[in-house]
Amino acid sequence: MKKFVKRMMMFAVVGTLLVGYSTSAKAANIGYANVTQDTLNAANVAHSYYGNKLPQEAVTLAELNAKYYADAIMAEPTLQTDLDRVNMAAYIVSLHCAESQYGSDDLKAYKSPAGPFVYGVYTCAGSTRALGRILDYMGYNWYHVNENENKHQWCVVEMDGQIGFADGMGGFAGYGEMVNGMTLPDGQVIMFAE
């Protein structure tokens, strides 16, 4: 039952984003002028998204997912601030994680966007890179905290002129520094392995 409810939530969120995308993307003439193939290639080098074991089809599908979500989020008129948009991206990645298995696999998809988007396997590294790839397509630069370490990982990103954090596994974003034991505005307490 829980799995069904989570899946229905994901479809509802995506459906809402699709409606917003179909009605407002053309009206807003969103072109992501700061996102080019050069910026995406630079992000590929900076973040080592996919490694060398994944089939090209999986990489292509993961990229399509990231771009699709970025386009839908950027076109949604109710998402007014950077924080709103980044928070929605983090939430969408967390929905993929909720439908996936936590752990590793032979292809090492778990540490790439293809893990949660294609293979149904993830870790905090993969959820961070999945969120980061959406951020790339949205035009945000981001930093990978604790990259390739056996610690919790998340994104640091500038939002609305402030430095903040975004956690794809947890599904939230906020201003300031993410620290163990902090309380989010909704009352959720963040606890993670250090």
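So, here's what we can say about the structure. What you are looking at is a predicted structure, and each value in this text was computed from that prediction instead of being measured.

### Points about the sheet that holds strand S5 (residues 162-167)
Taken together, four strands build an open sheet; the order of strands is S3-S4-S5-S6 and the sheet is antiparallel. Every interior strand has two partners, whereas the edge strands, strand S3 (142-145) and strand S6 (172-175), have only one. For this sheet, the mean angle separating the axes of adjacent strands, direction not counted, is 25 degrees. The pairing of S3 with strand S4 (residues 154-159) spans four bridges and is classified as antiparallel. Within S4, the position partnered with Trp142 by the bridge is Val157. Seen against the sheet, helix H4 (residues 82-98) touches S4, S5 and S6 and runs at an angle of roughly 150 degrees to S6.

### A short note on the layout of surface pockets
Roughly 240 Å³ of volume is contained in the largest pocket. If you go around the largest pocket, you meet 14 residues; those closest to its centre are Cys124, Glu149, Asn150, Lys151 and Gln153. Its residues assigned to classes, the lining of the largest pocket comprises six nonpolar, five polar and three charged.

### A short note on H4
Because an α-helix completes one turn every 3.6 residues, residues spaced three or four positions apart along the sequence face the same direction. In this model, H4 (17 residues) spans 24 Å end to end at C-alpha, consistent with the 24 Å of a helix rising 1.5 Å per residue. Most of H4 sits out of view: 13 of its 17 residues are buried.

### Quick notes on the pattern of salt bridges
Applying the stated criterion to the full structure yields six salt bridges. Lys67 is paired through a salt bridge with Asp71; the nearest N and O atoms lie 2.9 Å apart. Pair noted here: Lys67 and Asp71 are both in helix H3 (residues 56-75), with a separation of four residues, about one helical turn. Asp82 serves as the salt-bridge partner of Arg85, at 2.9 Å between the closest nitrogen and oxygen. Of the two residues, Arg85 and Asp82 both sit in helix H4, three residues apart, roughly one turn of that helix. For the pair Arg85 and Asp82, a shared accessibility class is recorded, and that class is buried.

### Quick word on the pairing of S6
The two faces of the sheet receive side chains in turn, since in a regular strand these alternate between them. In terms of strand pairing, S5 meets S6 through four bridges, oriented antiparallel. For Ala166, the partnering residue across the bridge sits in S6 and is Ala173. Hairpin connection, S5 to S6: the antiparallel pair is bridged by four residues, and Gly171 has positive phi, about 80 degrees.

### Some thoughts on the packing of aromatic side chains
Taken as a whole and assessed by the stated rule, the structure comprises five aromatic pairs. Ring centres of Tyr68 and Tyr69 lie 5.4 Å apart, and the angle between their planes is 65 degrees; on these two criteria the pair is classed as edge-to-face. The exposure class of Tyr68 is partly exposed, given its relative accessible area of 31%. Note on Tyr69: relative accessible area 5%, which makes it buried. Seen in terms of ring centroids, Tyr69 and Phe117 are 6.0 Å apart; in terms of plane orientation they differ by 50 degrees. Their pairing is tilted. Of this pair, Tyr69 sits in helix H3 while Phe117 sits in helix H5 (residues 114-119), and the two are 48 residues apart along the sequence. Linked through ring pairs, Tyr68, Tyr69 and Phe117 together constitute an aromatic cluster.

### Comments concerning the packing of H3 against helix H6 (residues 124-138)
Running from N to C, H3 and H6 cross one another at 55 degrees; their axes reach a closest spacing of 8 Å. Viewed along their axes, H3 and H6 adopt a mutual orientation that is oblique. Here H3 runs over H6; the crossing is right-handed. Within the contact between the two elements, H3 uses Glu63, Ala66, Lys67, Tyr69, Ala70, Ile73 and Met74 and H6 uses Arg133, Ile134, Tyr137 and Met138. Across the contact of H3 with H6, the residue classes break down as eight nonpolar, no polar and three charged.

Cut-offs applied
Residues numbered from 1 in each chain as written. Predicted model: local features only at pLDDT ≥ 70, side-chain atom pairs only at ≥ 80, totals over all residues. Heavy atoms only, no water. Pairing = 2+ DSSP bridges. Helix = DSSP H or I, 4+ residues; strand = E, 2+ residues; numbered from the N terminus. Axes fitted to C-alpha atoms, helices over the stretch in contact; angles between N-to-C directions. Contact = heavy atoms within 4.5 Å. 1 Å grid on protein atoms, 1.4 Å probe; cavity = no way out; pocket = protein on both sides within 12 Å on 5 of 7 lines; lining within 4 Å. Points joined across faces, edges and corners; volume = space filled by probe spheres on them. Nonpolar A, V, L, I, M, F, W, Y, C, P; charged D, E, K, R; others polar. Expected span 1.5 Å × (residues − 1). Buried < 20%, exposed > 50% of the residue type's maximum accessible area, 1.4 Å probe, protein only. Salt bridge = Lys/Arg side-chain N within 4 Å of Asp/Glu carboxyl O. Phe/Tyr/Trp six-rings, centres within 6.5 Å; stacked < 30°, edge-to-face > 60°. Parallel < 35°, antiparallel > 145°, perpendicular 65-115°, else oblique. Left-handed = near helix turned anticlockwise from the far one by under 90°.

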